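# Remarks on the overall topology
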Amino acid sequence: RDAQESRGLGDVYKRQKLRRKNTELLYREELFAKLSLNVDDVFMMVDAKTARVDYVSPNIERLLGIPGQKVRQDIEVLKNLHQKDAPDREIDFLAGLISGQQREWNFDFIHQQTGEHRWFHNIAMGSEVEGRRKYILVMSDRTADKKVNQALSEAVHAAETANRAKSTFLSNMSHDIRTPLTLIKAPLEDLANHEPLSESGRNNINTALRNVHVLLRLTTNLINFERADTYGGKLRVAEYELGAYLEETVNIFREYAKVRRISLTYEKNFEYLNVWMDKDKMDSILKNILSNALKYTPDGGRVTVVATETAEQWSVEVRDTGIGVPADEQKKLFKMHFRGSNAVNSKIAGSGIGLLLVRKLVRLHK
């Protein structure tokens, strides 16, 4: 009798423990179900041997457009998410997945109720529950992220298209403006060399020449800047004698320096030196630097071009007695459209792209 009573008490205890366990499982399932209704992730557990769906979160209909009951009855209905000719429609991403292993992949599909195109990121994990292999599948809705990225990509493409159109327009306009400026420059220089000229007449010619040179340098910079963006990665190098090349370049500016009464000199520490370079790009580099030196040097100042050769390299330095750039502004020299306060205060015209172009072209030669 005591043994029967003991067994009876044991059975009662087991039933109570089972009820508590079942209640705890129900609470957990209810809590998980409620939480999953408010997230954009579908959770599933699939038996690896039978392909039976043990669990599917109740938000599956909202996110995929397929009732959870249909998925429980046959997991194959998930194939309906893909177009019939979709290359990944027949791929079994769960096949061969072992316990502890994880796979990830992306897929896009058409929502079965709304017809909306949606993008998901899937994570499948192999697991084992009470000796049976299971697949845990998490399907995360990434549609919002995809749309944001598409919008950003379209915005970048539109900006690049607009920038190319602007560059083309500026380049074309610069070509059109540079031709008549060149035609104006020659007779002005001829007039400046003829005597007699009144002081006011010479001042007027010098002012006109100064502004013609500014406009020519500006239009040339715009053309070269557009070319640097479009063709900047290509170098066309050839061999040149550096001394002759530099002398020819400096001579281009002698007339302008003479008009401004600026002493323009050229010095070198070698007799003959052959170098390999892209002449067109080197022209843009040196002419920009020389033009800046002359433009920002007051009348009667000095500009010196010094070329040196060492055992390891050759270098060209341009020195001037110009207005300079304050030390606290020098770190901004290569920013787009930057002009130092000294230049702004002196009311000297400029676009603020010359040095940026120079840096682009110099870096190509490294």
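Above: the structure in question.
Residues numbered from 1 in each chain as written. Predicted model: local features only at pLDDT ≥ 70, side-chain atom pairs only at ≥ 80, totals over all residues. Heavy atoms only, no water.

### Details of the overall build of the protein chain
Formally: Secondary structure elements are taken from DSSP: a helix is a run of H or I of four residues or more, a strand is a run of E of two residues or more, and numbering for both begins at the N terminus. Only protein chains enter the area calculation, which uses a 1.4 Å probe; residues under 20% of their type maximum are buried, those over 50% are exposed, and those in between are partly exposed. We call two residues in contact when some of their heavy atoms are within 4.5 Å.
A tally of helices and strands in the protein chain yields 10 helices and 10 strands. With 366 residues in all, the protein chain has 35% of them scored as buried. Of the contacts made within the protein chain by residues no fewer than 6 positions apart, 58% connect residues no fewer than 24 positions apart.

### Examining the sheet that holds strand S4 (residues 117-129)
So the rule is basically this: Each pair of strands is called paired provided DSSP finds at least two bridges between the two strands. Only the contacting stretch of a helix is used when fitting its axis, a line to C-alpha atoms as for every element, and angles between N-to-C directions run 0 to 180 degrees.
Ordered in space as S2-S1-S5-S4-S3, the 5 strands form an open sheet in which the pairing is antiparallel. In the strand order of this sheet, the two ends are held by strand S2 (53-56) and strand S3 (102-110), each with one partner. Averaged over neighbouring strand pairs, the angle between their axes works out to 20° when direction is ignored.

### Describing the pattern of salt bridges
The condition is simple: Salt-bridge detection follows one rule: a side-chain nitrogen of Lys or Arg within 4 Å of a carboxyl oxygen of Asp or Glu.
By the definition in use, this model includes 13 salt bridges. Notably, a salt bridge pairs Arg-62 with Asp-40, separated by 3.2 Å at the nearest N-O pair. Taken together, the residues span a long stretch of sequence, with Arg-62 in helix H2 (residues 60-64) and Asp-40 in the loop between helix H1 (2-36) and strand S1 (41-47) at a distance of 22 residues. Lys-134 is paired through a salt bridge with Asp-47; the nearest N and O atoms lie 2.8 Å apart. In this pair, Lys-134 is assigned in strand S5 (residues 132-141) and Asp-47 in strand S1, connecting sequence segments 87 residues apart. Each member of the pair, Lys-134 together with Asp-47, is buried. Salt bridges sharing common partners tie together Asp-47, Arg-52, Asp-54, Arg-132 and Lys-134.

### Here's the deal with the nonpolar core
Keep this limit in mind: What we call a nonpolar core is a set of buried Ala, Val, Leu, Ile, Met, Phe, Trp, Tyr and Cys residues that are connected through their side-chain atoms within 4.5 Å.
The biggest cluster of nonpolar side chains holds 26 residues, and the ones touching the most others in it are Leu-242, Tyr-245, Leu-246, Leu-264, Leu-290, Leu-294 and Val-303. Among the secondary structure elements, those contributing two or more residues to this core are helix H6 (242-252), helix H7 (254-259), strand S7 (263-268), strand S8 (274-277), helix H8 (279-295), strand S9 (302-309) and helix H10 (354-364). A per-element tally of this core places H8 first, with 6 residues. Core analysis: the next-biggest nonpolar cluster, separate from the first, contains 25 residues, Val-46, Val-56, Ile-66 and Phe-120 among them.

### Considerations on the side chain of Asn-122
For Asn-122, the location among the structural elements is in strand S4. Take Asn-122: its relative accessible area is 3%, and that puts it in the buried class. The residues contacting Asn-122, other than those within four sequence positions of it, are Arg-103, Glu-104, Trp-105, Phe-107, Leu-137, Val-138, Met-139 and Ser-140.

### Points about the packing of aromatic side chains
Note the cut-off: Think of it this way: a Phe, Tyr or Trp ring, Trp meaning its six-membered ring, pairs with another when their centres are within 6.5 Å, and the plane angle makes it stacked under 30 degrees, edge-to-face over 60, tilted otherwise.
Evaluation of the coordinates by the stated rule reveals 4 aromatic pairs. On the numbers, 4.4 Å between centres and 5° between planes, the contact of Phe-93 with Trp-105 is stacked. Remark: Trp-105 occurs in strand S3 and Phe-93 occurs in the loop between helix H3 (68-73) and S3; sequence separation between them is 12 residues. Residues Phe-109 and Phe-120 carry aromatic rings whose centres are separated by 5.2 Å and whose planes lie at 50° to one another, so their mutual orientation is tilted. Highlighted residues: Phe-109 in strand S3 and Phe-120 in strand S4, separated in sequence by 11 residues. For the pair Phe-109 and Phe-120, one class covers both residues: buried. Every member of this aromatic cluster is reached through a ring pair, and the members are Phe-107, Phe-109 and Phe-120.

### Remarks on the sheet that holds S7
Here 3 strands make up an open sheet; going across it, the order is S7-S9-S10 and the pairing mixed. Strand pairing shows two members of the sheet lacking a second neighbour, S7 and strand S10 (314-320), which therefore form its edges. Strand-to-strand twist in this sheet, taken as the mean axis angle between neighbours without regard to direction, amounts to 10°. Relative to S9, S7 runs parallel, the two being bridged by 6 bridges. If you follow Thr-265 over to S9, its bridge partner there is Thr-304. Sitting on the sheet, H6 is in contact with S7, S9 and S10, with an inclination near 175° to S7. Each of S7, S9 and S10 touches H8; the most contacted strand, S10, lies at about 20° to it.

### Let's talk about unusual backbone geometry
Glycine aside, negative phi is the norm for most residues, and most peptide bonds take the trans geometry. Although it is not a glycine, Ala-51 adopts a positive phi angle of roughly 65°. Relative to the helices and strands, Ala-51 resides in the loop between S1 and S2. The exposure class of Ala-51 is partly exposed, given its relative accessible area of 39%. Backbone geometry places Arg-261, a non-glycine residue, at a positive phi of 55°. You can see Arg-261 is positioned in the loop between H7 and S7. Its relative accessible area of 57% is what places Arg-261 among the exposed residues.

### Observations concerning H8
Note the cut-off: One less than the number of residues in a helix, times 1.5 Å, gives the span that helix is expected to have. Pairs of N or O atoms within 3.5 Å make up the polar contacts considered here, provided that, within protein, one atom can donate a hydrogen while the other can accept it, and that residues adjacent in sequence are counted only when both atoms are side-chain atoms.
Between the first and last C-alpha of H8 there are 23 Å, a value that for 17 residues agrees with the 24 Å anticipated at 1.5 Å per step. Of all 17 residues in H8, 13 are buried; the element is thus mostly enclosed. The backbone nitrogen of Asp-280 lies 3.2 Å from a side-chain oxygen of the residue at the head of H8, namely Asp-278.

### Regarding the environment of Asp-299
Position of Asp-299 among the secondary structure elements: in the loop between H8 and S9. Considered as a pair, Asp-299 and Ile-262 are 37 residues apart in the sequence and their alpha carbons are 5.9 Å apart. Aside from chain neighbours lying at most four places away, what touches Asp-299 is Arg-210, Arg-260, Arg-261 and Ile-262. Looking at Asp-299, its side chain comes within polar contact range of the side chain of Arg-260, at 2.4 Å.

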